[in-house]
Amino acid sequence: MPIADYFSPDYPNARERFRAAAERAGARLNRYLLPERLGPQGESLSIDVARLGPDNATDALVVLSGTHGVEGFGGAGCQVGFLIDRLYEALPSSGCALLVHAVNPHGFAWLRRVNEDNVDLNRNFIDFSQPPSSAAYESLHDWLVPTDWEGAARASADAALQQHIAEHGMRAFQQALTAGQYTRPEGLFYGGTARTWSAQTLGQLLREQLPDGVRRVAVLDLHTGLGPTAYGEPILIPCARGDLARARAWFGCEVRSLVAEESANITGEKAVAAELEGTLARGFQEALPKTEITFIGLEFGTRQVTDVLTALRADHWVHARAPRDAVRSAAAQRLMRAAFYCETPAWQAAVYGRTADFVFRTCRALAQPA
Ligand SMILES: [Zn+2]
């Protein structure tokens, strides 16, 4: 089967392909249904999980797709390849694999990065009694989501953003934009007011699906839209001291840490992605408090950062200002799909090959004694 056939044109097809490949591989399948919501074709929406390996496994490889909804095109294709090419056979006898398909199924189906509540799941795992400051984002919000998408309002908003970037630099702009905000429910990178259905369900499924005696969990969380095209930048989200050294021993020195200080100590470089709180890694820590967790986000680049930002702004603008405008909604969806998924055999093969490489390195590491 060509690698392009591991990838699917939409959420229902991706789900179907995932379940069929899991069944053929003899995996144990489970479904966690999102209540009261449907996809654009009237389909029900769910997180689907496939478990392979012994019930008494002490080590686990977890592969996540669709944490950011629309980014699931790439990740789900890699999960299907994992099953069809039987990459799980590289696991040691102590290891099991857990594939989590569409952590944010609503976003995947509706071509949004955020979930059914406009929440970015990777900003949602915070302590809501003490949310981080949203001041930096507040200074940008009215320009990011202008009163109109065309005409003078849009032109002046774009000019203001350009001016801001010229004054503060692209890195500071990206940090302010993507660090997560808790004050604008219709805005970008919104972290919500409580744990979402996906966040709660992730904790539940980890407790239910992973063996009780699991001591080491390696997570590959597959993302798209950031960094060089198809490269697959490995970003460690540290859960405990020593995680970065271990991740570099497993995957090589190109692993960057989400926490700048820790990264700078070793390489002298700053972390690649903006520092942020509330990531899924915290959900893993909470669900598995006694387990050693090595949490890697693999970021596969797609388009220019300006194209990705324009798509995100269009998507949020439509939902905030014109949710019933079918023409503009469809236009925003087209921008989003193109910004987060490159539907070419070359991109798909590169993304899948890189993911398979990280699977094999993980299996090799888990074959070593803890
Ligand atoms: Zn992402």
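Per chain, the residues get numbers from 1 upward, laid out in the order the sequence is written. Residue-level local features of this predicted model are given only where pLDDT is at least 70; pairs of side-chain atoms are given and counted only at 80 or more, and the full residue set underlies all totals for whole chains, interfaces and linings.

Now for the overall build of the protein. Looking only at helices and strands, the protein has 13 helices and 8 strands in total. It is over C-alpha atoms that the radius of gyration is taken, and the globule rule equals 2.2 Å times the number of residues to the power 0.38. Taken over the C-alpha trace, the protein has a radius of gyration of 20 Å; the compact-globule value for 370 residues is 21 Å, and the two agree within 12%. Along the first, second and third principal axes, the C-alpha atoms of the protein reach 65 × 50 × 40 Å. Three exposure classes are used, all based on how many other C-beta atoms lie within 10 Å of a residue's own C-beta (placed from the backbone): buried at 20 or more, exposed at 12 or fewer, and partly exposed between those limits. The proportion of buried residues among the 370 residues of the protein is 50%. Two residues qualify as a contact pair if the distance between their C-beta atoms, derived from the backbone, is within 7 Å. Long-range pairs, those at least 24 residues apart, make up 77% of the contacts in the protein with a sequence separation of at least 6. Strands here mean DSSP runs of E at least two residues long; helices mean DSSP runs of H or I at least four residues long; both are numbered from the N terminus.

It is worth spelling out the domain arrangement of the protein at this point. In this entry, domain limits derive from an automatic or database-based domain assignment. Partitioning the protein into domains gives domain 1 (3-126 + 194-302 + 341-366) and domain 2 (135-190 + 307-325). Contact residues are listed per partner, giving 14 residues for domain 1 and 13 residues for domain 2. Classifying every residue of the side of domain 1 that touches domain 2 by side-chain character gives 4 nonpolar, 4 polar and 6 charged. Each residue gets one of three labels, nonpolar for Ala, Val, Leu, Ile, Met, Phe, Trp, Tyr, Cys and Pro, charged for Asp, Glu, Lys and Arg, and polar for the others, Gly among them.

Quick look at the nonpolar core now. Note on terminology: a nonpolar core is any set of buried Ala, Val, Leu, Ile, Met, Phe, Trp, Tyr and Cys residues joined through C-beta atoms within 7 Å. Residues Leu61 and Val219 are the most contacted members of the largest nonpolar core, which totals 109 residues. A domain split of this core shows at least three residues from each of domain 1 (3-126 + 194-302 + 341-366) and domain 2 (135-190 + 307-325).

Quick look at the confidence of the model for the protein now. A residue-level look at the protein finds 96% of positions with pLDDT of 70 or above and a mean pLDDT of 94. Every residue in residues 261-272 is under pLDDT 50, and counting partners more than four places away or in other chains gives 20 contacts. What pLDDT conveys is the predictor's confidence in a given residue, as a value from 0 to 100.

The next thing to look at is helix α5 (residues 151-168). Within an α-helix, residues lying three or four positions from one another point in the same direction, as the helix has 3.6 residues per turn. Expected span of a helix, by definition, is 1.5 Å for each gap between consecutive residues, and there is one gap fewer than residues. Here α5 contains 18 residues, and its C-alpha end-to-end distance of 26 Å stays within 8% of the 26 Å for a straight helix at 1.5 Å per residue. One or two positions beyond α5, positive phi appears at glycine 169, with a value near 90 degrees.

Here the focus is the pairing of strand β6 (residues 233-236). Pairing between strands requires that DSSP locate at least two bridges from one strand to the other. When β6 meets strand β8 (residues 292-301), the two strands line up antiparallel, connected through 4 bridges. Bridge pairing in β8 links isoleucine 235 to glycine 297. Both β6 and strand β7 (residues 256-257) contribute to a ladder of 2 bridges, which runs parallel. The residue of β7 that forms the bridge with isoleucine 235 is arginine 256.

So, about the sheet that holds β6. The strand order across the open sheet built from 8 strands is β1-β2-β4-β3-β5-β8-β6-β7, with neighbouring strands paired in mixed fashion. The outermost strands of the open sheet, each flanked by one partner alone, are β1 (28-38) and β7. In this structure, β1 lies alongside strand β2 (residues 44-52), joined through 7 bridges in antiparallel fashion. The partner of leucine 33 across the bridge, within β2, is serine 46.

Phi is positive for glutamate 36, close to 65 degrees, though the residue is something other than glycine. Turning to its location among the elements, glutamate 36 is positioned in strand β1. Note on glutamate 36: 8 C-beta atoms within 10 Å, which makes it exposed. One non-glycine residue, phenylalanine 189, lies in the positive phi region at around 55 degrees.

Okay, the environment of isoleucine 235 next. Following the sequence through the fold, isoleucine 235 ends up in strand β6. Each C-alpha atom, one on isoleucine 235 and one on leucine 220, is 9.8 Å from the other, the two residues being 15 residues apart in sequence.

Position of isoleucine 3 among the secondary structure elements: in the segment before α1 (11-24). On the basis of neighbour counts, which here come to 20 C-beta atoms within 10 Å, the residue isoleucine 3 falls in the buried class. Separated by 334 residues in the primary sequence, isoleucine 3 and arginine 337 place their C-alpha atoms 20 Å from one another. With near-sequence residues (within four places) excluded, isoleucine 3 lies in contact with Gly81, Pro345, Gln348, Ala349 and Tyr352.

Looking now at helix α11 (residues 305-321). With 17 residues, α11 extends 24 Å between its outermost C-alpha atoms, agreeing within 8% with the 24 Å of an ideal straight helix rising 1.5 Å per residue. Buried residues of α11: Val308, Leu309, Ala311, Leu312, Arg313, Ala314, Asp315, His316, Trp317 and Val318, and no others. Each element contacted by the buried residues of α11 is listed here: α4 (135-144), β5 (216-229) and α12 (326-340).

Along the polypeptide, isoleucine 293 turns up in strand β8. Placed 214 residues apart in sequence, isoleucine 293 and glutamine 79 show a C-alpha to C-alpha distance of 20 Å. Leaving out residues up to four positions away in the same chain, isoleucine 293 has contacts with Val217, Val219, Cys239, Ala281, Phe284, Gln285 and Leu288.

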